[in-house]
Amino acid sequence: MRYSALSIIRNALGGNRGWKPVWRTPEPKPHYDVIIAGGGGHGLATAYYLAREFGIRNIGVLEKSYIGSGNVGRNTTIIRSNYLLEGNNPFYELSLKLWEGLEQQFNFNAMVSQRGVINLFHSDAQRDAAARRGNAMRLHGVDAELVEREGVRDMLPFLDYNNARFPIMGGLLQRRGGTVRHDAVAWGFARGADSYGVDIIQDCEMTGVRRDGNRVVGVETSKGYIACDKLALSAAGHSSVVAEMAGLKLPIESHVLQAFVSEGLKPFIDMVVTFGVGHFYVSQSDKGGLVFGGDIDGYNSYARRGNLATVEHVIEAGVSMIPALSRVKVLRSWGGIMDMSMDGSPIIDKAPLDNLYINAGWCYGGFKATPASGWCYAHLIATDTPHPVATQMRLDRFERGYLIDERGAGAQPNLH
Amino acid sequence: MASLIDCPHCGARPKEEFTIKGSAEAERPQAEAGNEAWFGYVYLRDNPIGRVREYWHHTSGCRRWLIVERDNTDHTVHQVLDAAAEKRTP
């Protein structure tokens, strides 16, 4: 069923009894051309683009819980492409371009809202870094504006401009950045993939990988054995766990990252704002709640819940940026498990096995990458060659000394 | 993570006094061990689910290095030992 204004009217006249499930719930087939382990945003996007762009239709996506239950439904919904390095910038710009056309393409309202992302700076050194980053973005054809203090004040009058320790000197603005409704991204890609015949198998956990020498022949799951020609891992947060089933050890640690939603407020933040001192970022959802987050909790975790000390730390940073926040009630918080890679950048590569592929290590930033990650991963799986914008996201880059050191923090930045 | 860590020297202290260093299982290779051993030590991680043993530094307390055994699925701390004492006993 195609969604349109007409379909809404038609179904309204029919008492809204005509709507159909958005994707099927099939039983697994005995064999797939490609099995994607992980039905999160990246796994679903990969399946969608594999089917749409590369004509591979016999695909099974295995999701251990239900669609949208993992990180794709546990993030702060921000999209942007304000990256510095050659290995990152063109990739994230491809992602932003895909976001811009996404809803028309898969005929699903993901509420893509390009409301602008501004990163505040508070010192001369931070201003220089922001200017450099903005210049690097413009050299790649990406929009970036350096906004001075008074310009920021016009846009965001509620920030604390009298903060003696961390004065707001300006910000780097990307107007094309913004937010997307994260659940709808999962549902849209699931529906799109399903329409091409992809089997999305929920409540089906991969428990083992069956190998014949250097080849993967199939996977053990909670719904029995399934054979496959190619296996694509896409299990952010649990990448180490699924890779270990195939006998691989990854440069990844799993950490919990918390995010928060406040009570509903009247509209007052019409963009995404990040604080340049404490790690804090905030936007306002269409329902009125402030959505914000900060640092990871700082220790390895698979627990999907965080620590009160980090809650306190995030909210302290938030209140020092927006004093009015001190009266706002936080309604809920949640923790997602992140693949923190050793250089803070992702991995999209073929594994050292013949027909195993890895998509992992997205750290904090997997959501904004969803469409490009799916696109590039599908390209890699279908053609066995990396997509031009993802050539540096190699698994062996640590060994070879070609890290993507986006934050300029060195060989082992301890971002994890 | 539990909110308290029971330091063998200082007693139960808030976990914010401590700094985590990482797995206590990994053995630092010899200087001449070669690229592969050093690559494995610096970059690769077992990253297991369940009970893990890690180095924690009591940064804002006695400043001793500790080995904390905890469960990374439910935040329970099972055991806290002095790292130097542990390493001395074979």
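Within each chain, residue numbers correspond to sequence positions counted from 1 in written order. Working convention: letters from A go to chains and numbers from 1 go to ligands, in the order in which they are written. In keeping with the model being predicted, local features are shown solely for residues with a pLDDT of at least 70 and side-chain atom pairs are shown and tallied solely at 80 or more, while totals for entire chains, interfaces and linings include all residues. Water and hydrogen atoms play no part in the side-chain values, which are based on all heavy atoms of the structure.

A. Spotlight on the overall build of chain A. Counting from the N terminus, the helices are DSSP H or I runs at least four residues long and the strands are E runs at least two residues long. Summing up its helical and strand segments, chain A has ten helices and 18 strands in all. The C-alpha atoms of chain A give a radius of gyration of 21 Å, which matches the 22 Å a tight globule of 416 residues would have. The principal-axis extent of the C-alpha atoms belonging to chain A is close to 65 × 65 × 40 Å. Sorting the 416 residues of chain A into buried and exposed places 57% on the buried side. The contacts in chain A between residues at least 6 apart in sequence include a share of 75% that link residues at least 24 apart. A total accessible area of about 16800 Å² is found for chain A, and carbon and sulfur atoms account for 51% of it. Charged residues are defined narrowly, with Lys and Arg counted positive, Asp and Glu counted negative, and His plus the chain ends left uncounted. Just so you know, the charge point we use is NZ for Lys, CZ for Arg, CG for Asp and CD for Glu. Side-chain charges of chain A comprise 43 positive and 42 negative groups, with the mean position of each set lying 5 Å from the other. Only C-alpha atoms enter the radius of gyration, while the globule expectation follows 2.2 Å times N to the 0.38, with N the number of residues. The rule is simple: take the accessible area with a 1.4 Å probe, protein chains only, and divide by the maximum for that residue type; under 20% is buried, over 50% is exposed, in between is partly exposed. When checking whether two residues touch, look at their non-hydrogen atoms; a contact exists if any pair is within 4.5 Å. Note on areas: Shrake-Rupley, 1.4 Å probe, and residue coverage restricted to the protein chains presented here.

B. The arrangement of the sheet that holds strand β4 (residues 51-57) of chain B in detail. Residues and elements named next belong to chain B. Strands pair, by our definition, only if DSSP identifies at least two bridges between them. Strand order across the open sheet formed by four strands is β3-β4-β5-β6, with antiparallel pairing between neighbours. The open sheet has two free edges, formed respectively by β3 (19-23) and β6 (77-82), since each of these has just one partner strand. Strand-to-strand twist in this sheet, taken as the mean axis angle between neighbours without regard to direction, amounts to 30°. Where β4 and strand β5 (residues 65-71) come together, seven bridges link them in antiparallel fashion. When the bridges of β5 are listed, V52 appears paired with R70. A fitted line through C-alpha atoms represents every axis, and for helices the fit uses only the stretch in contact; the resulting angles, taken between N-to-C directions, go from 0 to 180 degrees.

C. Structural detail: the interface of chain A and chain B. Listed by partner, the interface residues are 26 residues for chain A and 21 residues for chain B. A buried area of about 2100 Å², summed over both sides, lies between chain A and chain B, and 53% of it is on carbon and sulfur atoms. Per-residue buried area on chain A facing chain B is highest for K249, Y299 and Y302 of chain A; these three make up 28% of the total on that side. We define a salt bridge as a contact between a side-chain nitrogen of Lys or Arg and a carboxyl oxygen of Asp or Glu at a distance within 4 Å. Across the contact surface, chain A and chain B share two salt bridges. Pairs of N or O atoms within 3.5 Å make up the polar contacts considered here, provided that, within protein, one atom can donate a hydrogen while the other can accept it, and that residues adjacent in sequence are counted only when both atoms are side-chain atoms. Seen at the junction of chain A and chain B, the total is 13 residue pairs in polar contact (both at pLDDT 80 or more). Elements supplying a minimum of two residues to the side of chain A that touches chain B: α7 (239-245), β12 (252-264), β15 (289-300) and α10 (397-400) of chain A. Of the residues assigned to the side of chain A that touches chain B, the class counts are twelve nonpolar, ten polar and four charged. Once two parts are put together, the accessible area they lose, assessed with a 1.4 Å probe and summed over both, is termed the buried area. Side-chain classes are defined by residue name, with Ala, Val, Leu, Ile, Met, Phe, Trp, Tyr, Cys and Pro counting as nonpolar, Asp, Glu, Lys and Arg as charged, and the others, Gly among them, as polar.

D. How the structure looks around unusual backbone geometry. Residues and elements named next belong to chain A. You will see that N16, though not glycine, has its phi angle at about 55°, which is positive. With respect to the helices, strands and loops of the structure, N16 is situated in the loop between α1 (5-13) and β1 (31-37). A relative accessible area of 47% means that N16 is categorised as partly exposed. Positive phi values are uncommon outside glycine, yet D384 reaches one of about 60°.

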